[in-house]
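Listed here are the chains, written in short residue letters.
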Amino acid sequence: MAEYQHFDGETYITFNIVFATDNEVQIAVTNRGKISVLTYDLYEDENGEYFEYGCNYDRIYIEDFEVM
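These figures come from a predicted structure and were not determined experimentally.

Visitor: What's the story with the pattern of salt bridges in this structure? I'm lost.
Guide: Side-chain pairs of opposite charge can arise where the charged atoms are in close proximity. As enumerated under the stated definition, the model contains 3 salt bridges in all. A salt bridge links aspartate 8 to arginine 32; the shortest N-O distance between them is 3.0 Å. Residue aspartate 8 is found in the loop between strand 1 (2-7) and strand 2 (12-20), and its partner arginine 32 is found in the loop between strand 3 (24-31) and strand 4 (34-41); the two are separated by 24 residues along the sequence. What makes aspartate 8 partly exposed here is its relative accessible area of 31%. Here arginine 32 ties to glutamate 10 by a salt bridge, and the two come within 3.3 Å at their closest N and O atoms. A residue pair is termed long-range when its members are at least 10 positions apart, and arginine 32 in the loop between strand 3 and strand 4 and glutamate 10 in the loop between strand 1 and strand 2 qualify at 22 residues. If you follow the salt bridges from partner to partner, you end up with Asp8, Glu10 and Arg32 in one network.

The rules behind each value
- Residues numbered from 1 in each chain as written.
- Predicted model: local features only at pLDDT ≥ 70, side-chain atom pairs only at ≥ 80, totals over all residues.
- Heavy atoms only, no water.
- Salt bridge = Lys/Arg side-chain N within 4 Å of Asp/Glu carboxyl O.
- Helix = DSSP H or I, 4+ residues; strand = E, 2+ residues; numbered from the N terminus.
- Buried < 20%, exposed > 50% of the residue type's maximum accessible area, 1.4 Å probe, protein only.

Right under this line is the structure:
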């Protein structure tokens, strides 16, 4: 399963890709001990495909995920 860790300024949040289509990605998010499975819209810019996370709309790029 592909995994990515994102530091939000206080702690690390872990993202695991569960399922992906052309327009959406389903992610298991582990945030402060709570696990949620959420679906995000995929966007694309010059750096690749990404989804937006959190109230700051941080861009999480799919290419940054690593297979564990």
